[in-house]
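Each chain, letter by letter, is given below.
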Amino acid sequence: MSAWTADDVPDLSGKTVVVTGANSGLGFEATRVFARKGARVVMACRSTERGADAADEIRETVPDADLDVRACDLGDLDAVESFADGVRGTYDELHVLCNNAGVMAIPRSETADGFETQLGVNHLGHFALTGHLLDRIVATPGETRVVAHSSGAHEQGDVDFDDLHREESYGKWEAYGQSKLANLLFAYELQRRLDQAGIEGTKSVACHPGYADTNLQARGPEMEGSTLKLYAMKAANTVLAQSAERGALPMLYAATAPDAAGGDYIGPGGLFNMRGAPEKQRSNDKSYDEERAERLWAVSEDLTGVSFDFDALAKRRVEA
């Protein structure tokens, strides 16, 4: 696995892949590879204008790229449902859902639904999106996957059920860590529930990019209006980070590698797991806490109003 690169992504002709946050950073790089390998990529973007610009840029190197730019604001559950309805109305088959989009270490704010933004966008928006699309994913013939993009920051995270939206005490990095731990709790619990329902054709796989040079790091300092922090972040990216192209490899591996199993956690295997070729790793102990995961699942269903009927999903898989 140490030598795995984007060239090892298998042929994806006839496959449909949904990528959130596809217009920039890791989502953009993954979209470019998916398209180059023949997949139709649904680019779920908060701004369709930026999404269209990104699609044009991809077509400069992949002229025949099959790209479908659609609006999807993960901070608005109505917008998430509208996006999912549109995708379901257009595509009979969905092979991969990459829950990639996110925000990192920003000043406290709230989504359209009143959720703390990092939890709302990074976890709850993707929880709802997965719930809306999972029946179509499960019913698609062959192997399908749901990929959760987490972060090494999950190791400093904790899910505070007594102050989930950090109204009493907010630390931007603590809130980010909570959202990234939530990604893993959801990914592993999804795999357990798929297994319990006897759904063998769909895998839930988690990944993290290590330290990759993207615009994600700049948003927090920009929102704070801190030029000093912005320059410091850019300097750190220059010295320590790997490229966004390489940072996307764990997501590509999780989405396509034949030996990626449900419940796996993929990340770069180099220095401090910050850079290097993708490999299978282990996330922290909290992320495998089944009681914590079940509680988060119940809370997430309550907050989003989106529920998962695995008995019905299992029947859809058999019918497919």
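Higher on the page you've got the structure.
K.L.:
Explanation requested: the overall build of the chain in the structure shown.
P.N.:
Helix and strand counts for the chain stand at 11 helices and 8 strands. Within the chain, buried positions represent 57% of all 320 residues. The long-range fraction of contacts in the chain, counting pairs at least 24 apart against all pairs at least 6 apart in sequence, stands at 75%.

K.L.:
Any chance you could explain the packing of aromatic side chains here in plain terms?
P.N.:
Two aromatic rings, taken as a pair, are described by how far apart their centres are and by the angle between their planes. This structure, assessed with the given rule, holds 11 aromatic pairs. Judged by centre distance (6.1 Å) and plane angle (85°), the ring pair of W173 and Y176 falls under edge-to-face. Of this pair, W173 and Y176 both sit in helix α5 (residues 172–196), 3 residues apart, roughly one helical turn. Centroid distance F308 to F310: 6.0 Å. Interplanar angle 10°. Geometry classified as stacked. Overall, the relative accessible area of 10% leaves F310 in the buried class. A connected cluster of aromatic rings, assembled from ring pairs, spans F127, F186, W297, F308 and F310. The ring of W297 carries R193 above its face, with NZ or CZ at 4.3 Å from the centroid.

K.L.:
Sorry if this is basic, but what is going on with the packing of helix α4 (residues 117–139) against α5 here?
P.N.:
Between two packed helices, both the angle of their axes relative to each other and the distance between the axes serve to describe the pair. Packing of α4 against α5 leaves a shortest axis separation of 7 Å and a crossing angle of 20°. Taken as axis vectors, α4 and α5 run roughly parallel relative to one another. Across the interface between the two elements, Q118, L119, N122, H123, H126, F127, T130 and L134 of α4 pack against K172, A175, Y176, Q178, S179, K180, A182, N183, F186 and L190 of α5. Of the residues that constitute the contact of α4 with α5, the class distribution is 8 nonpolar, 8 polar and 2 charged.

K.L.:
Sorry, what's going on with unusual backbone geometry here?
P.N.:
Leaving glycine out, the prevailing phi sign among residues is negative, and the prevailing peptide bond configuration is trans. Not every positive phi belongs to a glycine, and A105 is a case in point at roughly 50°. Counting through the fold element by element, A105 comes out in the loop between β4 (96–99) and α4. Of note, the phi angle at R166 is positive, near 55°, even though the residue is not glycine. Mapped onto the elements of the fold, R166 is located in the loop between β5 (144–149) and α5.

K.L.:
How do you make sense of the side chain of E189 when you look at a structure like this?
P.N.:
Take E189: it is sitting in helix α5. By relative accessible area, which is 3% here, E189 ends up buried. A distance of 2.9 Å separates a polar atom in the side chain of E189 from a polar atom in the side chain of R192. A polar atom in the side chain of E189 sits 2.7 Å from the side chain of R193. In this view, E189 contacts E290, A293, E294 and W297; residues no more than four positions away in its chain are not counted.

K.L.:
Which parts of the structure should I look at to understand the sheet that holds strand β8 (residues 278–281)?
P.N.:
The strands that make up a sheet are held in pairs by hydrogen bonds between backbone atoms, and each pair lies either parallel or antiparallel. Pairing is mixed in the open sheet, where 8 strands are placed in the order β3-β2-β1-β4-β5-β6-β7-β8. With one partner strand each, in any of the chains shown, β3 (66–71) and β8 form the two edges of the open sheet. Ignoring which end each strand starts from, the neighbouring axes of this sheet average 25° apart. Across 6 bridges, β5 lies against strand β6 (residues 202–207) in parallel orientation. When the sheet's bridge partners are listed, T144 is paired in β6 with T202. On top of the sheet, helix α3 (residues 77–90) reaches β1 (16–20), β2 (40–45) and β3; it is set at about 145° to β3, its chief contact.

K.L.:
Help me out: how do you make sense of the environment of G75 in this one?
P.N.:
Summarising the element assignment, G75 is placed in the loop between β3 and α3. The spacing of G75 and R46 is 29 residues in sequence and 9.1 Å in space, taken between C-alpha atoms. Non-local contacts of G75, meaning those with residues more than four positions away in its chain, are made with T111, A112, D113 and V121.

What counts, and where the lines are drawn
Residues numbered from 1 in each chain as written. Predicted model: local features only at pLDDT ≥ 70, side-chain atom pairs only at ≥ 80, totals over all residues. Heavy atoms only, no water. Helix = DSSP H or I, 4+ residues; strand = E, 2+ residues; numbered from the N terminus. Buried < 20%, exposed > 50% of the residue type's maximum accessible area, 1.4 Å probe, protein only. Contact = heavy atoms within 4.5 Å. Phe/Tyr/Trp six-rings, centres within 6.5 Å; stacked < 30°, edge-to-face > 60°. Lys NZ or Arg CZ within 6 Å of the ring centre and 35° of its normal. Axes fitted to C-alpha atoms, helices over the stretch in contact; angles between N-to-C directions. Parallel < 35°, antiparallel > 145°, perpendicular 65-115°, else oblique. Nonpolar A, V, L, I, M, F, W, Y, C, P; charged D, E, K, R; others polar. Polar contact = N/O pair within 3.5 Å; in protein donor to acceptor, adjacent residues only side chain to side chain. Pairing = 2+ DSSP bridges.

Functional significance is not addressed by these values, which are geometric in nature.
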